[in-house]
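Working through the structure, step by step
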Amino acid sequence: MLLPNIDRPIVLVGMMAAGKTRLGRELAMVLDLEFIDTDKCIEDETGQTIARIFEISGESAFREMEATKIRDMLDGALKPLVLSTGGGAILRPESAELIFGNTYSIWMRASLATILRRTAKRTDRPLLKNPDPAKTLQEMADMRYPIYARADIAVDTDSGDVEGITADIIRQLNLLRDRNS
Ligand code: S3P
């Protein structure tokens, strides 16, 4: 497989449970880049889970931390790495500008049915802890998809085939590099 020469961050966006972390790790390994997950950084720095942060401090406090993390990573000198962002990170316009302006951005796209199935038995997605998660997901998708669609590349992740999806991303990154050179 021909590997693209990556000269700036690759940023993964998309709904929760679309596979950003799993695929991000694989992509970083194949490209020999560092992998960073904004949710994990926030959990490590606060010593609390995302669910707990939502519970005690609320969503807007979490969004502030998320936006700060993205600014730290993407504003200023840019180094090649793979950065996975939480599903709502692009809701802050300043974060969206940094992501879609300065990086290779990739929309990890899974169907809502897949997301519902993957999240059904989990308790770590506070925004879906309500009686009608399908409706919540649909509302999120309506608001977010037009923003995710700004990404340079979109990949479908329903198959869960990590190797195949990673190969698709590399193929599209090569095309993008060719187009931009
Ligand atoms: C969120 C997605 C989560 C996490 C938080 C909010 C969202 O990250 O940041 O629960 O608004 O979609 P993942 O997309 O990594 O699950």
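Below, the structure is looked at part by part. (Residues numbered from 1 in each chain as written. Predicted model: local features only at pLDDT ≥ 70, side-chain atom pairs only at ≥ 80, totals over all residues. Heavy atoms only, no water.)

**Observations concerning the pattern of salt bridges**
- Applying the stated criterion across every chain, the model contains 16 salt bridges.
- Between Arg-109 and Asp-156 there is a salt bridge; the shortest N-O distance is 2.8 Å. With Arg-109 in strand 4 (residues 104-109) and Asp-156 in strand 5 (residues 153-156), this pair connects stretches of sequence that are 47 residues apart.
- Note on Arg-109: relative accessible area 27%, which makes it partly exposed. (Salt bridge = Lys/Arg side-chain N within 4 Å of Asp/Glu carboxyl O. Helix = DSSP H or I, 4+ residues; strand = E, 2+ residues; numbered from the N terminus. Buried < 20%, exposed > 50% of the residue type's maximum accessible area, 1.4 Å probe, protein only.)

**Topic: the environment of Thr-136**
- With respect to the helices, strands and loops of the structure, Thr-136 is situated in helix 7 (residues 133-148).
- Side chain to side chain, Thr-136 and Asn-130 meet in a polar contact 2.9 Å long. (Polar contact = N/O pair within 3.5 Å; in protein donor to acceptor, adjacent residues only side chain to side chain.)

**Overview of the site of the ligand**
- Close contacts around the ligand come from 15 residues, with Lys-20, Asp-39, Arg-63, Arg-125 and Arg-144 the closest.
- In this structure, Arg-125 approaches the ligand through a side-chain N or O atom, which is 2.7 Å from an oxygen atom.
- Arg-144 places a polar side-chain atom, nitrogen or oxygen, 2.7 Å from an oxygen atom of the ligand.
- Against a free-state accessible area of 380 Å², the protein chains account for coverage of 96% of the ligand.
- Elements with a contribution of two residues or more to the shell around the ligand: helix 3 (50-57) and helix 4 (59-74).
- Looking at which element gives the most residues to the shell around the ligand, the answer is helix 4, with 3 residues.
- When grouped by side-chain class, the residues that make up the shell around the ligand number 6 nonpolar, 3 polar and 6 charged. (Near = heavy atom within 4 Å. Areas by Shrake-Rupley, 256 points an atom, 1.4 Å probe, with all protein chains shown as cover. Nonpolar A, V, L, I, M, F, W, Y, C, P; charged D, E, K, R; others polar.)

**Let's talk about the packing of aromatic side chains**
- Applying the stated criterion to the full structure yields 4 aromatic pairs.
- Here Trp-107 and Tyr-145 contribute two aromatic rings whose centre-to-centre distance is 5.1 Å and whose plane-to-plane angle is 70°, an arrangement assigned as edge-to-face. Of this pair, Trp-107 sits in strand 4 while Tyr-145 sits in helix 7; the two residues are 38 residues apart in sequence, bridging distant segments of the chain.
- Its relative accessible area of 9% is what places Trp-107 among the buried residues.
- Judged by its relative accessible area of 24%, Tyr-145 is partly exposed.
- Look at Tyr-145 and Tyr-148: their rings are 6.1 Å apart centre to centre, the planes differ by 50°, and that puts the pair in the tilted class. Placement of both Tyr-145 and Tyr-148 in helix 7 is noted, with a separation of 3 residues, approximately one turn of the helix.
- The exposure class assigned to Tyr-148 is buried, which follows from its relative accessible area of 1%.
- Feature note: the residues Trp-107, Tyr-145 and Tyr-148 constitute an aromatic cluster, connected by ring pairs.
- Directly above the aromatic system of Tyr-104 lies the positively charged group of Arg-8, at a separation of 4.3 Å from the ring centroid. (Phe/Tyr/Trp six-rings, centres within 6.5 Å; stacked < 30°, edge-to-face > 60°. Lys NZ or Arg CZ within 6 Å of the ring centre and 35° of its normal.)

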